[in-house]
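# Residue-level structure breakdown
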Amino acid sequence: YVIDCRSDSIIRSGDEGEFTSFFFDPRVNRVYAVYGFQTVAVIDGSSDSLLKLMPTGHNEWSSAYYSPTENKFYVLDFDQGGAIVDCSRDTLVSYFGKAVGDLFAPFCENPSEHEVYCGDFEHGVVTILDGRGDSTKASVIASERYGVGPLLYNALSNKVYTLDLDVGGLSVINAGSS
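Now for a look at the structure at hand. Quantities reported herein were computed from a predicted structural model and do not represent experimental measurements.

About the criteria used
Residues numbered from 1 in each chain as written. Predicted model: local features only at pLDDT ≥ 70, side-chain atom pairs only at ≥ 80, totals over all residues. Heavy atoms only, no water. Patch = residues over 30% accessible without salt bridge, like charges linked within 9 Å, V, L, I, M, F, W, Y side chains within 5 Å. Areas by Shrake-Rupley, 256 points an atom, 1.4 Å probe, with all protein chains shown as cover. Salt bridge = Lys/Arg side-chain N within 4 Å of Asp/Glu carboxyl O. Helix = DSSP H or I, 4+ residues; strand = E, 2+ residues; numbered from the N terminus. Buried < 20%, exposed > 50% of the residue type's maximum accessible area, 1.4 Å probe, protein only. Pairing = 2+ DSSP bridges. Axes fitted to C-alpha atoms, helices over the stretch in contact; angles between N-to-C directions.

## Looking at a nonpolar patch on the surface
A surface patch of nonpolar side chains, about 430 Å² in accessible area, is lined by F121, L163, L165, L170 and V172. By the secondary structure assignment, L163 is in strand β16 (residues 159–164). Accessibility expressed as a relative area gives 39% for L163, which makes it partly exposed.

## Focus: the sheet that holds strand β15 (residues 148–154)
Two orientations exist for strands paired in a sheet by backbone hydrogen bonds: parallel and antiparallel. The strand order β15-β16-β17 describes an open sheet built from three strands, whose pairing is antiparallel. In the strand order of this sheet, the two ends are held by β15 and β17 (170–174), each with one partner. Going across the sheet, the axis of each strand differs from the next one's by a mean of 20°, ignoring polarity. Bridge count between β16 and β17: five bridges; the pairing is antiparallel. Residue T162 lies in a different strand from β17, and its bridge partner there is S171.

## Quick word on the pairing of strand β10 (residues 91–96)
Here five bridges tie strand β9 (residues 82–86) to β10, and the two strands are oriented antiparallel to one another. Following the sheet pairing, I84 is matched in β10 by S94.

In short, shape yes, function no, at least from these values alone.
See below:
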């Protein structure tokens, strides 16, 4: 659905498939949406028309994150890793494999180090992605037995905090040392 916020009315609806997550890039007035399980759709924000479909070759997306610092869209697969979309060129620029585990979900970003952090619900690993190099930089075990919950970046201390879902504890990652 496309809703006109001024009139609070639906101006477009349709059954184009299953969109699982999306974000808006105000720099170019485009919407990027994970479409079905193997495609990222680029939608023009003015005309609401589909500009491009980018096949990713992956199976089931679990979550997505937009980095305003890098102007990239990170899409994570339940069991294969993920894909990186360069929003300035509307192109799929890289794939990255999972370091350990499945079920990626929470994200946060360290803009000063150009790092994107993604957690793993199942194995307790936080994967650190290089935002400039479009690759996996490191992996850190944040929970010994189960998974990690939401991630939070603290810019004042340059640390990433995550919840240990197994014991309800807190793990702290020194963000600049990956």
